[in-house]
Amino acid sequence: RRAVDRVLDVVPSSDALGVLVFDAAPTAVVGLGEPRDAPVLTRKLLAISPGGPTRVTPALAGALQMLREGHAIDGAPTRIVLVSDGRTTAEDAAAARALAQRAGVEISTVAVGDEADRTLLQQLAEATGGRAWFPGAPGDLPQLVARAAAQSTGGAVVEESFTPRVERHPMLAGFEGAPWPRLQG
């Protein structure tokens, strides 16, 4: 829900935007090109309770159908931003990979949860020229979704606060375990 709010902040109102939610089947929350009324969208999202099995292929097919019906694929740059744990059946994963490869639309993925199927999400992004994002903490999710959406609008800059994640490196000797401040950039 916060991620969609961030997307509304960074994607220009002149760009078409659609929002689908899914578990076993997708449901359109906002159709492509419908007016963006943030309070209405927030109310609709709050009425949804997560649960049920995840099936990625119907969600991707629904997003592609939304793009086609909105005539978004012809001419204008398009992107699907899939926010999911990607945990699905082997059959659905195989079908999602096949659909992604023939879709003709860039798919960027943002993983949800520590047990996300990183391999599937990475494969879907790589097969389409998209990018896979793996938040380090749940609080990073809104910023990463906004960044993924902003890139489809021509590379708009997303300013956000973040905490650096330090990897072991000789240049950082002595800093292991040190608290890092939140930065803006």
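Reading the values: the criteria
Residues numbered from 1 in each chain as written. Predicted model: local features only at pLDDT ≥ 70, side-chain atom pairs only at ≥ 80, totals over all residues. Heavy atoms only, no water. Helix = DSSP H or I, 4+ residues; strand = E, 2+ residues; numbered from the N terminus. Polar contact = N/O pair within 3.5 Å; in protein donor to acceptor, adjacent residues only side chain to side chain. Core = buried A, V, L, I, M, F, W, Y, C linked by side-chain atoms within 4.5 Å. Buried < 20%, exposed > 50% of the residue type's maximum accessible area, 1.4 Å probe, protein only. Contact = heavy atoms within 4.5 Å. Pairing = 2+ DSSP bridges. Axes fitted to C-alpha atoms, helices over the stretch in contact; angles between N-to-C directions.

Tracing the backbone through its elements, the reader meets R79 in strand β3 (residues 79–84). The spatial distance from the C-alpha of R79 to the C-alpha of E106 is 4.9 Å, given a sequence separation of 27 residues. Among the polar contacts made by the side chain of R79, one reaches the side chain of E106 at a distance of 2.2 Å.

This part takes up the nonpolar core. In terms of nonpolar packing, the biggest core is built from 22 residues, with L60, I80, L82 and L124 touching the most fellow members. Contributions of two or more residues to this core are made by α3 (56–69), β3, α4 (90–103), β4 (106–111) and α5 (118–128). Non-local contacts of L60, meaning those with residues more than four positions away in its chain, are made with I80, L82, A96, L99, I107 and L124. Listed in part, the six residues of the second largest apolar core include V110, W133, L141 and A148.

Within the secondary structure, T57 is located in helix α3. For T57, a relative accessible area of 16% gives the class buried. With near-sequence residues (within four places) excluded, T57 lies in contact with D92, A95, A96 and L99.

Here we take up the sheet that holds β4. Overall, parallel pairing links the three strands, which are arranged β3-β4-β5 in an open sheet. Edge strands, defined here as strands with exactly one partner in the open sheet, are β3 and β5 (132–133). Packing of α3 onto the sheet brings it into contact with β3 and β4, and relative to β3 it is tilted by some 150°. In the packing of α5 onto the sheet, contacts are made with β3, β4 and β5, and the angle to β4 comes to roughly 160°.

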